[in-house]
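Here's the letter readout for the chains.
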Amino acid sequence: MNHHNPTGSIAPHIPADAYRRAEATGQPVVIVVHTTDRTGRPLSHYLYPLAVAGAGAIGIFATVAALLALLDFAVHTAVQIAAATGPISVGGITVKLFGSKR
């Protein structure tokens, strides 16, 4: 005999006299189980959209962070190139971008 029956797979207790009477007369045994309907929505209705929105927010945050890192790298590269080239002349006007390091 299995004492660990899953919920809902076993009928509620039937009194012995009612069972024997049903067996003797051949009448069916009708078992009425009262259940209540769940109110509200299950958690999965809210959890999946929140998970998708959270993943989207993290993706946008990561994209912005990558863009800022790329811009930072580009600015540092431009500064290093400008520092290595010295003064820039355009049309007779000379501009020295960075002061001397001496």
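Keep in mind the model is a prediction, meaning the values are calculated, not measured. (Residues numbered from 1 in each chain as written. Predicted model: local features only at pLDDT ≥ 70, side-chain atom pairs only at ≥ 80, totals over all residues. Heavy atoms only, no water.)

## A few points about the overall build of the protein
Consideration 1: Secondary structure summary: the protein contains 2 helices and 2 strands in total.
Consideration 2: Surface summary for the protein: the accessible area is close to 9,600 Å², and the carbon and sulfur share equals 66%. (Helix = DSSP H or I, 4+ residues; strand = E, 2+ residues; numbered from the N terminus. Areas by Shrake-Rupley, 256 points an atom, 1.4 Å probe, with all protein chains shown as cover.)

## Examining helix 2 (residues 44-85)
Consideration 1: With 42 residues, helix 2 ought to run about 62 Å at 1.5 Å a step, and its terminal C-alpha atoms sit 61 Å apart, in line with that.
Consideration 2: Looking one or two residues beyond helix 2, the residue adopting positive phi is G86, at roughly 90 degrees. (Expected span 1.5 Å × (residues − 1).)

## Thoughts on a nonpolar patch on the surface
Consideration 1: A contiguous nonpolar surface patch, about 590 Å² in accessible area, is contributed by I60, V64, L67, L68, L70 and L71.
Consideration 2: Within the secondary structure, L67 sits in helix 2. (Patch = residues over 30% accessible without salt bridge, like charges linked within 9 Å, V, L, I, M, F, W, Y side chains within 5 Å. Salt bridge = Lys/Arg side-chain N within 4 Å of Asp/Glu carboxyl O.)

## As for helix 1 (residues 16-25)
Consideration 1: Across the 10 residues that make up helix 1, only a small minority, 1, are buried.
Consideration 2: Backbone geometry just downstream of helix 1 places G26 in the positive-phi region, at approximately 80 degrees. (Buried < 20%, exposed > 50% of the residue type's maximum accessible area, 1.4 Å probe, protein only.)

## Digging into the packing of aromatic side chains
The description of an aromatic ring pair rests on the distance of the ring centres and on the angle between the ring planes.
Consideration 1: What the rule picks out here adds up to 0 aromatic pairs.
Consideration 2: Above the ring of Y46, the side-chain terminus of R41 is found at 5.7 Å from the ring centroid. (Phe/Tyr/Trp six-rings, centres within 6.5 Å; stacked < 30°, edge-to-face > 60°. Lys NZ or Arg CZ within 6 Å of the ring centre and 35° of its normal.)

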